[in-house]
Amino acid sequence: MPETVTLQLLREWGVPDAGGSKKSRGQVVVVGGSRRSPGGPLLSAEAALRVGAGRVGIVAPSAIVPQLGPAMPEAGIYELPVGSDPVDDDLRSALESADVVLLGPGFDDPDATRAALHAVSGPDVSRLVLDAFALGILPSFDRDLLPDELIINANEEEAELLLERDLGDDRAADILEIARRYRAVVHCFGTVATPDGRCWQAEPGGSGLGTAGSGDVLSGTIAGFAALGMDAEQAAVWGGWTHARAGDRLQERVGIGFLARDLMPELTAVVHES
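Residues numbered from 1 in each chain as written. Predicted model: local features only at pLDDT ≥ 70, side-chain atom pairs only at ≥ 80, totals over all residues. Heavy atoms only, no water.

### Section: helix α9 (residues 214-227)
Here α9 is 14 residues long and its end C-alpha atoms lie 20 Å apart, about the 20 Å a rise of 1.5 Å per residue gives. Counted residue by residue, α9 has 13 buried out of 14 residues, so it is predominantly covered. In the stretch just after α9, G229 is the one whose phi turns positive, near 110 degrees. (Helix = DSSP H or I, 4+ residues; strand = E, 2+ residues; numbered from the N terminus. Expected span 1.5 Å × (residues − 1). Buried < 20%, exposed > 50% of the residue type's maximum accessible area, 1.4 Å probe, protein only.)

Now the structure itself:
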């Protein structure tokens, strides 16, 4: 049976005291974006900062790079290599110095996503979070090419792609199966599982979270907590809880119809009130 996530549990775990320096609070690099969805990595990067990460970088296709700096002046911006082109020195340095790399938000093409995952697999990335389109290619990707520390943030449809079957009645068992198959910590709709069989269940957020970009905010939230130095499973639990409670706060105040970017200040409030 999964352990129920409560506020008391989160307070026992706590949030790492990373000090006052932006460097000591960790760095997240978000890899994603496309012409159709340039905002995905922006949402993830801001969410990471909002929960306490100190620095963010965004790696995106060259076609959208000029848009990103003005949209988020807090982020370092890097160009994604084209196809099988090698990673340049600046990007390699950013990836290898990052505490967490998040790949997937805003991608909309399987081949481009696969090429990006191969590019990121080359540098010495210590911890990787996969989300969105990256999960569709994961079943056919060599797991041994990825870092040992892998976090998967999946919605229900993506969980079925990873399982290569429909979800069953026992949600915890299904998420545990994904965790073991991909040797990863997995978050799906409030359930978090680890490859060694541990599992937690948090109360999912309300239906207001079913809005465009909400998943990008969630993956950025998980990555932000991981950058602060939390264990992968604690980052996933904290991330899911914080995202859900931020949605609850907004839904109670304004009702259904809020935007994903409206979650940002609520993330910070939830962290400081927990």
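### Looking at the nonpolar core
Counting 53 residues, the largest nonpolar core has V28, I58, V217 and F225 as the members making the most contacts within it. If you tally residues by element for this core, the top one is helix α10 (residues 232-254), at 8 residues. The residues touching V28, leaving out its near neighbours within four places in the chain, are A48, A53, R55, V56, G57, V100, A223, G224 and A227. Counting residues in hydrophobic clusters, the runner-up holds 42 residues, among them A119, L138, L150 and C188. (Core = buried A, V, L, I, M, F, W, Y, C linked by side-chain atoms within 4.5 Å. Contact = heavy atoms within 4.5 Å.)

### Things to note about the packing of aromatic side chains
For the structure shown, the criterion picks out 2 aromatic pairs. Relative to W200, the ring of W13 lies with its centre 5.9 Å away and its plane at 80 degrees, an arrangement referred to as edge-to-face. One end of the pair, W13, is in helix α1 (residues 7-13); the other, W200, is in strand β10 (residues 199-201), with 187 residues separating them in the sequence. Using a relative accessible area of 24% as the deciding quantity, one classes W13 as partly exposed. Assessed through its relative accessible area of 5%, W200 is described here as buried. Positioned over the ring face of W241 is R245, at 4.8 Å from the centre of the ring. (Phe/Tyr/Trp six-rings, centres within 6.5 Å; stacked < 30°, edge-to-face > 60°. Lys NZ or Arg CZ within 6 Å of the ring centre and 35° of its normal.)

### Some remarks on the side chain of Q27
Residue position: Q27 is located in strand β2 (residues 27-31). Within polar-contact distance, the side chain of Q27 engages the side chain of R55 at 3.1 Å. Excluding residues within four positions of it along the chain, Q27 makes contact with R55, A94, S97, A98, D99, V100 and A227. (Polar contact = N/O pair within 3.5 Å; in protein donor to acceptor, adjacent residues only side chain to side chain.)

These figures capture arrangement, not role.
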